[in-house]
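The chain contents come next:
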Amino acid sequence: MSFVIDASVLIDIFAPRDEKRRRLAVEFLRLAKGSPKYAPNMLLVELAGVISRYDVDLARLAIDYARRNVILLDETAILTLCLDIALKTGCRAADAYYIATARLTNSMLVSNDRTQVENAKRTGIQAYYLIEEWSAISERLR
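Owing to the predicted nature of the structure, the values given are computational and were not obtained by experimental measurement.

Conventions we followed
- Residues numbered from 1 in each chain as written.
- Predicted model: local features only at pLDDT ≥ 70, side-chain atom pairs only at ≥ 80, totals over all residues.
- Heavy atoms only, no water.
- Salt bridge = Lys/Arg side-chain N within 4 Å of Asp/Glu carboxyl O.
- Buried < 20%, exposed > 50% of the residue type's maximum accessible area, 1.4 Å probe, protein only.
- Helix = DSSP H or I, 4+ residues; strand = E, 2+ residues; numbered from the N terminus.
- Contact = heavy atoms within 4.5 Å.
- Pairing = 2+ DSSP bridges.
- Axes fitted to C-alpha atoms, helices over the stretch in contact; angles between N-to-C directions.
- Parallel < 35°, antiparallel > 145°, perpendicular 65-115°, else oblique.
- Left-handed = near helix turned anticlockwise from the far one by under 90°.
- Nonpolar A, V, L, I, M, F, W, Y, C, P; charged D, E, K, R; others polar.

A. Molecular detail of the pattern of salt bridges. What the rule picks out here adds up to ten salt bridges. Here Arg-17 ties to Asp-12 by a salt bridge, and the two come within 3.4 Å at their closest N and O atoms. Classification of Asp-12 by relative accessible area gives buried; the value is 2%. The salt bridge involving Glu-19 is made with Arg-22; its shortest N-O contact spans 2.6 Å. Here the residue Glu-19 and the residue Arg-22 both occupy positions in helix 2 (residues 19-31), the gap between them amounting to three residues, near one helical turn. The exposure class of Glu-19 is partly exposed, given its relative accessible area of 47%. Here Arg-22 falls in the partly exposed class, since its relative accessible area comes to 26%. Linked by salt bridges that have partners in common, Asp-12, Arg-17 and Arg-21 make up one network.

B. Molecular detail of the side chain of Thr-89. The residue Thr-89 is located in helix 5 (residues 75-89) in this model. Not counting residues within four places of it along the chain, the set of residues in contact with Thr-89 comprises Asn-119, Arg-122 and Thr-123.

C. Region of the structure containing the pairing of strand 2 (residues 37-40). A two-sided burial pattern is seen for strand 2, the buried positions comprising Lys-37 and Ala-39 on one face and Tyr-38 and Pro-40 on the other. In the sheet, strand 1 (residues 3-5) pairs with strand 2 via two bridges, with the strands oriented parallel. Residue pairing in the sheet places Val-4 in a bridge with Tyr-38 of strand 2. Pairing between strand 2 and strand 3 (residues 71-73): three bridges, direction parallel. Each residue of the ladder has a partner; that of Pro-40, found in strand 3, is Leu-73.

D. Layout of the packing of helix 3 (residues 42-51) against helix 6 (residues 93-105). Close contact between helix 3 and helix 6 brings their axes to 11 Å; oriented N to C, the two are set at 135 degrees. Comparing their axes, helix 6 and helix 3 come out oblique. Seen from above, helix 3 lies across helix 6 with left-handed handedness. Across the interface between the two elements, Met-42, Leu-43 and Glu-46 of helix 3 pack against Ala-94, Tyr-97 and Tyr-98 of helix 6. The residue makeup of the contact of helix 3 with helix 6, split by class, is five nonpolar, no polar and one charged.

Structural data, given as C-alpha cells:
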C-alpha cells in the first residue's frame, strides 16, 4: 500500500499547534513505515513557508525529512491531470497537485485538510482525513 502525504501531516509534526494532531501524524508515519510515500515537489515549499513561521531550523529539518522519506514528483509531470482535477472539483491549486499525485501513483491520500480529502473523494481517490478517520487508516495499516 502506498500513500500521498499532504503537507498538513508533516506540518502537524514539525510545527505542532495541537497535540492530538501531532500524535496522530506521528503514529500514522510509524505505522506506514516501509510503505512508499509520495508528494508533489511543492511539498517542500509548503513546509518551508508554514514551519518557518514558527522556527526556521524546524522548517529545514522538515524539508530534510521529506527529501529522505518521500518520493517527490515533479509538478510538470502531473500538470495536465492537475488541470483536469481543478476543473472537475474547483479545488485549490495545491490540492489538485496532491490529488493528481495520488491518482498517478495509485496511492491513498492522507491529509489533515478536510476540504482536500472531500475533493479527492469526489474524484474517486481513496482519501482519509487523519483527524477524524484515524481508526479506518490504522485498520488498513495493521
